[in-house]
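What the coordinates show
What follows is each chain in one-letter form.
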Amino acid sequence: MSAPPKAAIWDAPEHTLAKIAILRAYLQAWFKILGNKVPRDMLYIDGFAGPGSYDNGSDGSPIVAIKAAADARNSSGGQWKAKTIRMVFVESDAARFDLLKSKVASYHQPPGMTVQCINDEFASAFGVIKRQHQDAFVSSLPLFAFLDPFGVKGVPFRCLKEILFSETSEVFMLLDTHGMERVRTAGEKAGYEKILDEVFGGAVWREISFTGDTRLNCRKILDAYRRQLVSSAGAKFTFPFEMRKTNGNVSYHLLFATKHVKGIEKMKEAMRSVDKTFVFIDGRSGQAFLFAPDDPVVIARDAENYFNQQCSGRERGYDDLNSWILQETPYMRPDKILNKIKARQGIEFVTVGGEVVKLSHRAIRWTDVEKIKFRDRLTPPETGLFGQE
Ligand SMILES: C[S@@+](CC[C@H](N)C(=O)[O-])C[C@H]1O[C@@H](n2cnc3c(N)ncnc32)[C@H](O)[C@@H]1O
């Protein structure tokens, strides 16, 4: 990450605009879907809210959230069910906090919404938020946290665990993998152990086998963090993407964590709606390519590699495969990629009832499939890896 700006308000660079556009697109879906569904309050937390706008005129993340919520409510055509939308914005810097407060005040607060601005560090404000909005942390009240710090520090893992405790919570965060790598290599003088222990919520980062390659190390940090979100914080799905500088160096990662398939699908759609200043990253294989959801050429290349390298000669449960496709590929719909392999020789589908289905022309309902058996290597069809689109 580049050095944080010193001024209270600054110009939004291109990658910041992309990040905010992804947030906007996701929140439009989040407020619309959940606001039209549940007659409950909704809680939105922006832990690093900033001044509310940028010098070059764009809205900052708190205003983007207010507008997304108001739009969802206004365009619901009478279907709106949610009760109060509770917005909580935390900003530690006094000058930025003042700007934030006046920006929020200048924006007409829509009905059914409360806005609370807290001038504190996120980690200490978190205790207050938890006490005041206890119901959101223990019940099925929709909770979304956007955590966008400058740099490595500021988001203790314990806060993520508490946010992700409930079944209906989600986190979208900036993970400064590059900064963590710098802290690690700076060693004792940066107090690296304490910092990384707090970020990871323990010593798991010490198990990473670091190399001399910074980019690879950033990916390994990302990978370990994702595993930690699942194993220790209770996320079911995580989805990362990589922000790069124009010279190709990794700047940081954006990471989304949820417990719901639909959350992953909507986040991918949100990413798709934005320009390509970012890169989709497969954290496991260490490969990265421009985010190109459902590009048939990329599907063919990626799926062929994956199925041959990781599935050949094995059985994979449908849920396992489904989860891989959602989290480790840019594709929006798992069925789309599975439909492509349906016709391949060397694949058998085993249904929940135990029936083995081989024929390509048989209609397969994916909900009926329990596992998929892969022969040693897939036989490429004559038309090419996955055929012409
Ligand atoms: C990347 S900026 C946020 C930009 C904002 N989310 C947006 O998209 O418009 C990070 C903000 O967090 C504030 N900040 C830094 N450390 C913080 C902390 N520990 N707790 C809360 N805010 C913090 C900074 O002053 C800065 O305004």
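My aim in this report is to walk through the structure given alongside it, one point at a time. Note that the coordinates shown come from a computational prediction; the quantities given were computed from them, not determined experimentally.

Reading guide: rules and limits
- For every chain, the first residue of the written sequence is number 1, and numbering continues from 1 onward in sequence order.
- Whole-chain, interface and lining totals are the exception, using all residues; otherwise, since this is a predicted model, local features are given only for residues with pLDDT of at least 70 and side-chain atom pairs are given and counted only at 80 or more.
- Starting at the N terminus, helices and strands are each numbered in turn, a helix being any DSSP run of H or I of at least four residues and a strand any DSSP run of E of at least two.
- Any residue surrounded by 20 or more other C-beta atoms within 10 Å of its C-beta is treated as buried, while 12 or fewer makes it exposed and the intermediate range makes it partly exposed; C-beta atoms here are placed from the backbone.
- Note on contacts: each residue gets a C-beta atom placed from the backbone, and two residues are in contact if those atoms are within 7 Å.
- A fitted line through C-alpha atoms serves as each axis, taken over the contacting stretch for helices, and the angle formed by two N-to-C directions is quoted from 0 to 180°.
- The scheme is simple: roughly parallel for angles under 35 degrees, roughly antiparallel for over 145, roughly perpendicular for 65 to 115, oblique for anything else.
- Remark: nonpolar core denotes a set of buried Ala, Val, Leu, Ile, Met, Phe, Trp, Tyr and Cys residues whose joining runs through C-beta atoms within 7 Å.
- An automatic or database domain assignment provides the domain bounds reported here.

1. Side note on the overall build of the protein chain
- The number of helices and strands found in the protein chain is 13 helices and 13 strands.
- When the 389 residues of the protein chain are sorted by exposure, 40% land in the buried category.
- For the protein chain, restricting intrachain contacts to residue pairs at least 6 apart in sequence, the fraction spanning at least 24 positions comes to 72%.

2. What about the environment of Asp-320?
- Along the polypeptide, Asp-320 turns up in helix 12 (residues 318–328).
- In this structure the C-alpha to C-alpha distance between Asp-320 and Lys-371, which are 51 residues apart in sequence, comes to 8.9 Å.

3. Observations regarding the packing of helix 7 (residues 177–186) against helix 9 (residues 214–231)
- One can describe the packing of helix 7 onto helix 9 by two numbers: an axis separation of 9 Å at closest approach and a directional angle of 110°. Considered as vectors, helix 7 and helix 9 are oriented roughly perpendicular to each other. Contact residues: helix 7 offers Thr-177, His-178, Met-180 and Glu-181, while helix 9 offers Thr-214, Asn-217, Cys-218, Ile-221 and Leu-222.

4. Digging into the nonpolar core
- Membership of the largest hydrophobic core comes to 91 residues, with the highest contact counts inside it found for Tyr-26 and Val-171.
- The leading source of residues in this core is helix 1 (residues 14–35), at 9 residues.
- Split by domain, the residues of this core number at least three in each of domain 1 (14–290) and domain 2 (296–379).
- Dropping the residues within four chain positions of it, Val-171 is found in contact with Ala-145, Leu-147, Leu-160, Ile-163, Leu-164 and Ala-257.

5. Brief notes about helix 7
- Those residues of helix 7 that sit buried are Thr-177, His-178, Gly-179, Met-180, Glu-181 and Val-183.
- Following helix 7 by one or two positions, Gly-187 adopts a phi angle in the positive range, close to 70°.

Geometry only, nothing functional implied.
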